[in-house]
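# Structural description and commentary
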Amino acid sequence: MTAIVYVSNTGTAKRYAEALAEKTGWPCFAADKYAGTADDAVFLGWVLGGEIQGLKKLRESGAAIRAVGAVGVLAQEADKVREKNCPAGEPFFFLPGAFDVKKQKGLYKLMCGMLVKAIKAKVKDSPDKEGEKILSIFENGVDLYSEEALQEMADSLNN
Ligand SMILES: Cc1cc2nc3c(=O)[nH]c(=O)nc-3n(C[C@H](O)[C@H](O)[C@H](O)COP(=O)(O)O)c2cc1C
């Protein structure tokens, strides 16, 4: 039996994990509640600074990983995220996430403030559309949750 295991900060990776559980019939666990007893795991984690949160820890536990879903708002960096977090050949899916600064707490809230400052300085230095788009995401928030992207992942896991 495959398990779906997720790490989510503000609920988007959890939403994808629960929807995938409904589609596949596989059990779904927050990573800290997963006992590691399934044959393998499909891992869904949110992206922070290009790193899929919780994935390293799951690998270190020795769990067999069947596929990885990275939940983030910068789809243009999907290839970089894959290279940084997954060995070649491991099934990888980028699932468009959601960002709302009002949902951030503690360290993450602090990091968001720093991130916006850094992007603003970069856009001021060398203005470009891409930088402005990223700034708008982190300043104004966005919800890119994609039923289609999830379906693609579910279909590919079924094959
Ligand atoms: C501090 C911080 C850094 C982030 N860095 C990235 C990033 O490098 N790439 C990306 O695609 N999204 C990044 N995001 C956006 C989150 O991955 C996105 O909001 C995701 O949907 C959160 O999932 P969750 O609701 O399950 O926590 C960042 C968010 C925060 C708060």
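Residues numbered from 1 in each chain as written. Predicted model: local features only at pLDDT ≥ 70, side-chain atom pairs only at ≥ 80, totals over all residues. Heavy atoms only, no water.

### Considerations on the pattern of salt bridges
Our working definition: Here, a salt bridge means any Lys or Arg side-chain nitrogen found within 4 Å of an Asp or Glu carboxyl oxygen. Each helix is a run of DSSP H or I of at least 4 residues and each strand a run of E of at least 2, with the numbering of both proceeding from the N terminus. Note on exposure labels: buried denotes an accessible area under 20% of the residue type's maximum, exposed denotes more than 50%, and partly exposed covers the range between, all computed with a 1.4 Å probe on protein chains only.
On inspection of all chains with the given rule, the structure shows five salt bridges. The residue Glu90 makes a salt bridge to Arg59 at a minimum N-O spacing of 2.8 Å. One end of the pair, Glu90, is in the loop between α3 (78–85) and β6 (92–96); the other, Arg59, is in helix α2 (residues 55–60), with 31 residues separating them in the sequence. Residue Glu90 is classed as buried on the basis of its relative accessible area of 9%. The salt bridge involving Glu139 is made with Lys120; its shortest N-O contact spans 3.1 Å. Remark: Lys120 occurs in helix α4 (residues 106–125) and Glu139 occurs in helix α5 (residues 129–140); sequence separation between them is 19 residues. Taking the relative accessible area as the measure of exposure, Glu139 reaches 36% and is therefore partly exposed.

### Structural notes on the domain arrangement of the chain
Basically, it comes down to this: The domain limits used here are those given by an automatic or database domain assignment. Residue contacts are defined here by distance: any two heavy atoms, one from each residue, within 4.5 Å place the two residues in contact. Accessible area, probed at 1.4 Å, shrinks when two parts are joined; the buried area is that loss added up over both. Two N or O atoms form a polar contact when they lie within 3.5 Å of each other; inside protein one atom must be a possible hydrogen donor and the other a possible acceptor, and for residues adjacent in sequence the pair counts only when both atoms belong to side chains. Gly falls in the polar group here, along with every residue not listed as nonpolar (Ala, Val, Leu, Ile, Met, Phe, Trp, Tyr, Cys, Pro) or charged (Asp, Glu, Lys, Arg).
You can read the domains of the chain as domain 1 (2–98 + 143–158) and domain 2 (101–140). Taken together, the contact between domain 1 and domain 2 spans seven residues of the former and eight residues of the latter. For the pair domain 1 and domain 2, the summed buried surface comes to about 650 Å²; carbon and sulfur atoms form 67% of the total. Taken together, the links from domain 1 to domain 2 amount to zero salt bridges. In this structure, the connection of domain 1 to domain 2 is made through two residue pairs in polar contact (both at pLDDT 80 or more). A breakdown of the residues in the side of domain 1 that touches domain 2 according to their chemical character gives four nonpolar, three polar and no charged.

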